Protein chains: 2
Amino acid sequence: MQLPKHVTLKEVGPRDGLQNEKVHIATEDKIQLVNLLSQSGLNYIEVTSFVHPKWIPQLADAVEVLQAIKREKDITYAALVPNMRGLERALQAGIDEASIFMSASESHNQKNINKTILETLPILKEVVIGAKAANKHVRGYISTVIGCPYEGYIHPEKVLQVTDKLLEMGVDEISLGDTIGVGVPTQVEYLLEELLKRYPVEKFAMHFHDTRGTALANITKSLEMGITKFDSSLGGLGGCPYAKGATGNVATEDLLYLLDGMGIATGVNMEKLLDAVRFIEQKLGKDVASKQMAIVRNEGSANVT
Amino acid sequence: MQLPKHVTLKEVGPRDGLQNEKVHIATEDKIQLVNLLSQSGLNYIEVTSFVHPKWIPQLADAVEVLQAIKREKDITYAALVPNMRGLERALQAGIDEASIFMSASESHNQKNINKTILETLPILKEVVIGAKAANKHVRGYISTVIGCPYEGYIHPEKVLQVTDKLLEMGVDEISLGDTIGVGVPTQVEYLLEELLKRYPVEKFAMHFHDTRGTALANITKSLEMGITKFDSSLGGLGGCPYAKGATGNVATEDLLYLLDGMGIATGVNMEKLLDAVRFIEQKLGKDVASKQMAIVRNEGSANVT
């Protein structure tokens, strides 16, 4: 197997995880969570979202969280930004990077953003121009890149069309999301083959949900295709409220187990990462669904001897 | 990706699953379970075990179950056989195939069988000779082929040594078990590369546990190496009582989702398979851990539209 030597984990738990949890998490606990993650060796954390609190009340404290976290150098602290109003607040709060988002499938885009894809693009373009003017990197999430809960299988051509638009705008990196976790490695390979005909592999990160247990298989195939950036969420927290059947993101600790086992460096320390998972488990008052935490609960340690 | 067009699923749930469950399952329910599995399109079912009931009291009704199930043609009904006494009972009960078992690691073999590897081999040889005299196929399980709970990583050389012995005896097929579910695709690839230098791929089946979420990734890599036979257990039931941290086998329905998605034929019907899973869930009085059943519980259907 040809595999990259180093991979960057992009931790989306504080945003993509917590926005989907019903339990109220206090602002100070969110700050503590990000601080624990900063200690684990991660160098990218999506901290919060500037989507209007009417839609995501769980993250209404975005400014407070971003302003109070203890920042470590070499860590990018990002936030989700839906529009210019969100960007203004995000810049004031001191984000390092802005994440914009849309879907490859028309109907998921409409359910998630309440706009058609064509209506969404100029709004995102404004954000990209604004973020670039402030010297910030911009990440573009594309959801439903393999399957859509309303349209079924999504052909790579649709993903390419949206990718073209986002990269033309000046987006620095595209995160390709299997939002409902339906993908299998053959589909991942086909999608990436098509995208990599047109763009360099560095432009892409993969964002898998483990709804059907295929996340690590899809990640392995992505690694073989040269991908070196993966989104994940501590404890497997998260999902998409507008995508029926979307359970969690792939758990950061399960992905780390895979990468550690294959000798791929991430810089992330498992025990320190699990400290953050244990912390949020306690605050959520429930066991998270990751395999690593199930092992820890059974044995008291993540290590197998 | 080069993938096989057809794969055989070897259902081990009635034996490997139920031997590890604490809830008492009535003999008539075990019979009903096997009958439901027979209706799903599977063509291999490991029905029970002839290990002495002192060790596996859950399967003390092996003879009754084997004699009462409704046999379908084209399905192989197998049972685990530890020694000549077990083989005699198994043959009387009408097995189609005998499965023998040992470990690649010395200490796991001793914990599991209470004998050294050297002491185990002549006992297995007797069984193979006896089964062959009765015109029965013999399957050989090798446990801990990647990791051992007592010895850590197991080098392919140790697996080769045991494989050599079993194939010399006349064993028809080897099932390579990642008993504690520690393996990652690079290790699977290395193991199979070494084995396939010496033996044809048809000699091997893979038996993965999903303890760390890597089972479908390991299966995908095995498929790419040419493997066409996989063990799995409905609902992900089972594990190994002597292997700390071994949770379940990979769930048959999750494996089927992967194979269906990649266009690999198995002959197994998902809805009929899930009928069997629902039946055993009810008898066990608990939710099984498979992803497909979690989706069914959330949505009422395994299909994503």
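Residues numbered from 1 in each chain as written. Chains lettered and ligands numbered in written order. Predicted model: local features only at pLDDT ≥ 70, side-chain atom pairs only at ≥ 80, totals over all residues. Heavy atoms only, no water.

Asks: Summarise the packing of aromatic side chains; cite the residues concerned and give the values.
Replies: Describing an aromatic ring pair means giving the distance of the ring centres and the angle of the ring planes. Counted under the stated rule, the structure contains two aromatic pairs over all chains. Taking the centre distance of 6.4 Å and the plane angle of 70° together, the rings of A:Tyr199 and A:Phe204 count as edge-to-face. The aromatic ring of B:Tyr141 is capped on one face by B:Arg15, whose charged end is 5.4 Å from the ring centroid. (Phe/Tyr/Trp six-rings, centres within 6.5 Å; stacked < 30°, edge-to-face > 60°. Lys NZ or Arg CZ within 6 Å of the ring centre and 35° of its normal.)

Asks: Break down the side chain of B:Arg212 for me, with residues and values.
Replies: Residues and elements named next belong to chain B. Tracing the backbone through its elements, the reader meets Arg212 in the loop between strand E9 (204-208) and helix H9 (215-224). Owing to a relative accessible area of 1%, Arg212 belongs among the buried residues under this scheme. Here the side chain of Arg212 touches Ile180 through a polar contact of 2.8 Å, landing on its backbone oxygen. At 3.2 Å, the side chain of Arg212 forms a polar contact with the backbone oxygen of Gly181. (Helix = DSSP H or I, 4+ residues; strand = E, 2+ residues; numbered from the N terminus. Buried < 20%, exposed > 50% of the residue type's maximum accessible area, 1.4 Å probe, protein only. Polar contact = N/O pair within 3.5 Å; in protein donor to acceptor, adjacent residues only side chain to side chain.)

Asks: How would you summarise the pairing of strand E3 (residues 76-80) of chain B if you had to cite specific residues and measurements?
Replies: All names here are of chain B. Taken across its five residues, E3 has four buried, putting it largely inside the fold. Across five bridges, strand E2 (residues 44-49) lies against E3 in parallel orientation. Counterpart to Thr48 in the pairing with E3 is Ala79. With helix H3 (residues 62-68) bridging E2 and the parallel E3, this β-α-β connection has right-handed handedness. (Pairing = 2+ DSSP bridges. Right-handed = clockwise from strand over helix to strand, strands pointing away.)

Asks: Kindly report on the relation of the copies chain A and chain B, identifying the contributing residues and their values.
Replies: At an RMSD of 0.0 Å, chain A and chain B line up after a rotation of 180° and a shift of 0.0 Å along the axis. In symmetry terms, the pair is related by a two-fold rotation axis. Scanning chain A for the C-alpha nearest the rotation axis identifies A:Ala217, at a separation of 1.8 Å. When the interface residues of chain A are mapped onto chain B, 100% of them again fall at the interface, so both copies present the same face. (Least-squares fit on C-alpha atoms with pLDDT ≥ 70 in both. Contact = heavy atoms within 4.5 Å.)

Asks: Please set out the interface of chain A and chain B residue by residue, giving values where relevant.
Replies: Accessible area lost upon the coming together of the parts serves often as the stated size of an interface. Taken together, the contacts link 37 residues of chain A with 37 residues of chain B. Summing both sides of the interface, chain A and chain B together bury roughly 3,000 Å²; the carbon and sulfur share of this comes to 61%. Summed over the three residues of chain A that lose the most area to chain B, namely A:Met1, A:Arg212 and A:Tyr257, the buried surface amounts to 21% of that side. Between chain A and chain B we count four salt bridges in total. Residue A:Glu224 pairs with B:Lys221 through a salt bridge whose shortest N-O separation is 2.9 Å. Here chain A is connected to chain B by eight residue pairs in polar contact (both at pLDDT 80 or more). When its residues are assigned to classes, the side of chain A that touches chain B shows 16 nonpolar, 13 polar and eight charged. (Buried area = accessible area lost by both parts, 1.4 Å probe. Salt bridge = Lys/Arg side-chain N within 4 Å of Asp/Glu carboxyl O. Nonpolar A, V, L, I, M, F, W, Y, C, P; charged D, E, K, R; others polar.)

Asks: Tell me about the nonpolar core, and name the residues and values.
Replies: Nonpolar side chains in soluble globular proteins tend to end up buried together. Counting 196 residues, the largest nonpolar core has A:Leu166, A:Leu176, B:Leu166 and B:Leu176 as its most contacted members. Those residues within four positions of B:Leu166 in sequence are excluded, and the remaining contacts are B:Ile100, B:Met102, B:Leu124, B:Ile142, B:Val171 and B:Ile174. (Core = buried A, V, L, I, M, F, W, Y, C linked by side-chain atoms within 4.5 Å.)

Asks: Please provide a residue-by-residue account of the environment of B:Glu106, values included.
Replies: Residue and element names in this part refer to chain B. Looking at the element boundaries, Glu106 is found in helix H5 (residues 106-113). Note on Glu106: relative accessible area 29%, which makes it partly exposed. When the C-alpha positions of Glu106 and Lys197 are compared, they lie 24 Å apart, and in sequence the two are 91 residues distant. Ignoring sequence-local partners within four residues, the contact set of Glu106 consists of Thr116, Ile117 and Glu151. A polar atom in the side chain of Glu106 sits 2.8 Å from the side chain of Gln110.

Asks: Account for unusual backbone geometry, naming residues and giving values.
Replies: One can expect most non-glycine residues to show negative phi and most peptide bonds to be in trans. Residues and elements named next belong to chain A. Within the chain, Asp74 stands out as a residue other than glycine whose phi angle is a positive 70°. In this structure, Asp74 sits in the loop between helix H3 (62-68) and strand E3 (76-80). Here Asp74 falls in the exposed class, since its relative accessible area comes to 64%. One non-glycine residue, Thr144, lies in positive phi territory at about 50°. Note that Thr144 resides in the loop between strand E5 (137-143) and strand E6 (147-148).

Asks: Account for helix H6 (residues 117-133) of chain A, with residues named and values stated.
Replies: Residues and elements named next belong to chain A. Taking 1.5 Å of rise per residue, 17 residues should cover 24 Å, and H6 covers 24 Å from first to last C-alpha, within 8% of that figure. Taken as a whole, H6 has its buried residues at Ile117, Thr120, Leu121, Leu124, Val127, Val128, Gly130 and Ala131. On its buried face, H6 sits against helix H4 (84-93), strand E4 (97-103), helix H5 (106-113), E5 and helix H7 (156-169). Just beyond H6, the residue with positive phi is Asn135, at close to 65°. (Expected span 1.5 Å × (residues − 1).)

Asks: Any chance you could break down the pattern of salt bridges for me, citing the residues and the numbers?
Replies: Inspection of every chain in the model, using the stated rule, returns 44 salt bridges over all chains. For the salt bridge of A:Asp164 with A:Arg198, the shortest nitrogen-to-oxygen distance reads 2.6 Å. With A:Asp164 in helix H7 and A:Arg198 in helix H8 (residues 185-198), this residue pair connects regions lying 34 residues apart in the sequence. A:Asp164 sits in the buried class, given a relative accessible area of 17%. On the basis of relative accessible area, A:Arg198 is assigned to the partly exposed category, the value being 45%. B:Lys197 is the salt-bridge partner of B:Glu194, the closest N and O atoms lying 2.9 Å from each other. Here B:Lys197 and B:Glu194 lie together in helix H8 (residues 185-198), a separation of three residues that amounts to about one turn. Here the salt bridges share partners, and the residues they tie into one network are A:Lys10, A:Arg139, A:Glu173, A:Lys229 and A:Asp231.

Asks: Report on the side chain of A:Thr214, specifying residues and quantitative values.
Replies: You can see A:Thr214 is positioned in the loop between strand E9 (204-208) and helix H9 (215-224). Overall, the relative accessible area of 0% leaves A:Thr214 in the buried class. Among the polar contacts listed, one links the side chain of A:Thr214 to the backbone oxygen of A:Gly183, at a separation of 2.8 Å. Excluding residues that lie within four positions of it along the chain, A:Thr214 makes contacts with A:Gly181, A:Gly183, A:Val184, B:Leu216, B:Tyr257 and B:Leu258.

These figures come from the coordinates and say nothing about function on their own.
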